[in-house]
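Spelled out, the chains give:
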Amino acid sequence: MLEAESLRLAIDEPVKIVPYDLAWPRLFDQEKRRLEVICPGEFPGIEHIGSTAVSMLSAKPVIDIMAGVHSLAQADGVLPILCANGYTTSAEFNATLADRRWLMRHSEGRRTHHLHLVIFEGSEWRRRVMFRNVLRRSSEIRCRYEKLKFELAKSFILDRETYSAMKTDFVNETLRGVV
């Protein structure tokens, strides 16, 4: 499959939730090590976030990674290196993000990894780690979140942006109960 065709298919890939895969932590570890080689010393922290980071939680089969940076200018500086090493990004999409930069890896028309560059230990960093940890600790919250994800995936199968946005209230409500 040609690279351009694979990218187009990955961008337009439908939202699909699959059962938890025991390989997800290993895939994260592999990519974390690869990022440390590609950008040595750039990331003071790299975390596995999102649903693939939560044991037994169904998820889109895309490994979500959060890499800490000291500034968004630093993030912008590593974008070309990451893009030369298998990632792709959208300047237009990143321009809409005030607190992070986003990149994607894909293969054979499927998204494989999302990489979020955020300020290390800043509010977005803490928020994402906290939500992941709540899901890891609470089976009740994890089950409610999983149910919501399946419902949203049915309603927004061809609209990833809306699917993601519709989870925001649940995340915010969950974190209000923790903080």
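Only a predicted model underlies this, so the values are computations on that prediction, with no experimental measurement involved.

Asker: Lay out the overall build of the chain in plain terms, naming residues and giving numbers.
Answerer: Within the chain, the secondary structure is distributed over eight helices and five strands. The N-to-C order of helical and strand elements in the chain reads α-α-β-β-α-β-α-β-β-α-α-α-α. A globule of 179 residues ought to have a C-alpha radius of gyration of about 16 Å, and the chain, at 16 Å, matches this closely. Across its three principal directions, the C-alpha atoms of the chain cover 40 × 40 × 30 Å. Taking the intrachain contacts of the chain between residues at least 6 apart in sequence as the baseline, contacts between residues at least 24 apart amount to 67%. On the chain, roughly 9400 Å² of surface is accessible, and the fraction owed to carbon and sulfur atoms is 55%. A distance of 5 Å separates the average location of the 26 positive side-chain charges in the chain from that of its 24 negative side-chain charges.

Asker: Tell me about the packing of helix α5 (residues 123-137) against helix α8 (residues 168-176), residues and numbers included.
Answerer: Here α5 crosses α8 at 80°, and the two axes come no closer than 10 Å. Classified by the angle their axes make, α5 and α8 are roughly perpendicular. Where α5 abuts α8, its residues R127, M130, F131 and V134 lie against F170, V171, N172, T174 and L175. Here the contact of α5 with α8 is built from residues that sort into six nonpolar, two polar and one charged.

Asker: A description of the layout of surface pockets should follow, citing residues and the corresponding values.
Answerer: Once rolled over the atoms, a probe with the size of a water molecule shows which space is left empty. Estimates place the volume of the largest pocket at around 1100 Å³. Lining of the largest pocket is provided by 43 residues; of these, R100, H114, H116, R128 and S164 occupy positions nearest its centre. Contributions of two or more residues to the lining of the largest pocket are made by α1 (3-11), β3 (87-89), β4 (100-107), β5 (110-119), α5, α6 (139-155), α7 (160-165) and α8. Looking at the lining of the largest pocket, the element that brings in the most residues is α5, giving six residues. A class-by-class count of the residues in the lining of the largest pocket yields 18 nonpolar, ten polar and 15 charged.

Asker: Describe in detail the pairing of β4, supporting the description with residues and values.
Answerer: Taking burial as the measure, the eight residues of β4 include six buried ones, the bulk of the element. As defined by bridge partners, β3 adjoins β4 across three bridges and the pair is classed as antiparallel. Within β4, the position partnered with T89 by the bridge is L103. Where β4 and β5 come together, eight bridges link them in antiparallel fashion. Residue pairing across strands places W102 opposite H116, the latter belonging to β5. Following β4, the chain reverses through two residues before pairing antiparallel with β5; E108 in that reversal takes a positive phi of roughly 50°.

Asker: Go over α8, please, and point to the residues and values.
Answerer: Within α8 the residues assigned to the buried category are F170, V171, T174 and L175. Viewed end-on, α8 has its buried residues packed into an arc of 125°, placing them on one side of the element. Facing away from the buried surface of α8 by more than 90 degrees, the exposed residues are D169 and R176. Here the buried face of α8 lies against α5 and α6.

Asker: Break down the environment of R144 for me, citing the residues and quoting the values.
Answerer: With respect to the helices, strands and loops of the structure, R144 is situated in helix α6. Under the relative-accessibility criterion, R144 is labelled partly exposed at 34%. Residues R144 and F170, 26 residues apart in the sequence, show an inter-C-alpha distance of 9.2 Å.

Rules and cut-offs
Residues numbered from 1 in each chain as written. Predicted model: local features only at pLDDT ≥ 70, side-chain atom pairs only at ≥ 80, totals over all residues. Heavy atoms only, no water. Helix = DSSP H or I, 4+ residues; strand = E, 2+ residues; numbered from the N terminus. Rg over C-alpha atoms; globule rule 2.2 N^0.38 Å. Contact = heavy atoms within 4.5 Å. Areas by Shrake-Rupley, 256 points an atom, 1.4 Å probe, with all protein chains shown as cover. Lys, Arg positive; Asp, Glu negative; His and termini not counted. Charge placed at Lys NZ, Arg CZ, Asp CG, Glu CD. Axes fitted to C-alpha atoms, helices over the stretch in contact; angles between N-to-C directions. Parallel < 35°, antiparallel > 145°, perpendicular 65-115°, else oblique. Nonpolar A, V, L, I, M, F, W, Y, C, P; charged D, E, K, R; others polar. 1 Å grid on protein atoms, 1.4 Å probe; cavity = no way out; pocket = protein on both sides within 12 Å on 5 of 7 lines; lining within 4 Å. Points joined across faces, edges and corners; volume = space filled by probe spheres on them. Buried < 20%, exposed > 50% of the residue type's maximum accessible area, 1.4 Å probe, protein only. Pairing = 2+ DSSP bridges. Arc of directions from axis to C-beta.

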